[in-house]
Amino acid sequence: SQQGEEDPQALSIQEGENATMNCSYKTSINNLQWYRQNSGRGLVHLILIRSNEREKHSGRLRVTLDTSKKSSSLLITASRAADTASYFCATVENQGGKLIFGQGTELSVKP
Amino acid sequence: DAGVIQSPRHEVTEMGQEVTLRCKPISGHNSLFWYRQTMMRGLELLIYFNNNVPIDDSGMPEDRFSAKMPNASFSTLKIQPSEPRDSAVYFCASSPFSDSPLHFGNGTRLTVT
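Here the structure is a predicted model, which means the values were calculated and not measured. (Residues numbered from 1 in each chain as written. Chains lettered and ligands numbered in written order. Predicted model: local features only at pLDDT ≥ 70, side-chain atom pairs only at ≥ 80, totals over all residues. Heavy atoms only, no water.)

Colleague: Tell me about the interface of chain B and chain A, and please be specific about residues and values.
Modeller: At the interface, 22 residues of chain B touch 22 residues of chain A. Taken together, the two surfaces of chain B and chain A that pack against each other cover about 1600 Å², and 48% of this comes from carbon and sulfur. If you sort the residues of chain B by the area they bury against chain A, B:Leu43, B:Asp99 and B:Phe104 come out on top, with a joint share of 32%. Remark: the boundary between chain B and chain A carries one salt bridge. The salt bridge partner of B:Asp56 is A:Lys98, with a shortest N-O separation of 2.8 Å. Elements represented by at least two residues in the side of chain B that touches chain A include exactly β4 (31-38) and β5 (42-50) of chain B. For the side of chain B that touches chain A, the leading source of residues is β5(B), giving five residues. Looking at side-chain class alone, the side of chain B that touches chain A contains ten nonpolar, seven polar and five charged residues. (Contact = heavy atoms within 4.5 Å. Buried area = accessible area lost by both parts, 1.4 Å probe. Salt bridge = Lys/Arg side-chain N within 4 Å of Asp/Glu carboxyl O. Helix = DSSP H or I, 4+ residues; strand = E, 2+ residues; numbered from the N terminus. Nonpolar A, V, L, I, M, F, W, Y, C, P; charged D, E, K, R; others polar.)

Written out as structure tokens, the structure is:
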């Protein structure tokens, strides 16, 4: 079953622009994670934000979490062509350790 | 660290045949997950193990699917008999603890004709 829903499904931007992806989820969570997937490869973990955190940074990545709205956003600043990939949010529910993924946002960064 | 290793990388089989997918998690990781990815359904969690014990298999589609983890360094996902609708990319992932970030293998692309 899918927990998160991502918005938009696809995003196309120019190199140097910022990319924002949103994720909504349904149940109470322990933490929320963002992953990246290049074509034909497995997913790679980017950043984890816990339910008691509101914002987190890692390099050009900024993640926010609003537990009252059950939503999160991932901002990639100063995008590069190499950022072209699919991005997924995933949640760990309070009750258990299983990680449930959203449908993903396909990001295309044009040089 | 070699990462999570899955084999085979590609598998093409005929409907009705048995298929076995293999996974070697990262040494020291206590949790192992099997996911299936398709365009239609996205990433679906099939089953996950903690300390070699299956914790949640509610995502396993039907009795044709079975998964085992005989020891901390090896897991299998078996489909018997396979059907065309099982065609997908199957990912194995491991993590140190049950709610920590996952490390994914590169997947097995299964095609059932």
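Colleague: Give me the state of the cysteines: which residues, what numbers.
Modeller: Throughout the structure, instances matching the rule amount to two disulfides over all chains. Note that A:Cys23 is cross-linked by a disulfide to A:Cys89, the S-S spacing being 2.0 Å. Residues A:Cys23 and A:Cys89 are joined through a disulfide that is right-handed, its torsion about the S-S bond being 65°. In this pair, A:Cys23 is assigned in strand β3 (residues 19-24) and A:Cys89 in strand β9 (residues 85-93), connecting sequence segments 66 residues apart. An identical accessibility class is assigned to A:Cys23 and A:Cys89; each is buried. Put simply, B:Cys23 and B:Cys92 are joined by a disulfide, and their sulfur atoms are 1.9 Å apart. Taking the torsion about the sulfur-sulfur bond, which here is approximately -65°, the covalent link between B:Cys23 and B:Cys92 counts as left-handed. You can see B:Cys23 sitting in strand β3 (residues 19-24) and its partner B:Cys92 sitting in strand β9 (residues 88-95), a full 69 residues away along the chain. (Disulfide = S-S within 2.5 Å. Buried < 20%, exposed > 50% of the residue type's maximum accessible area, 1.4 Å probe, protein only.)

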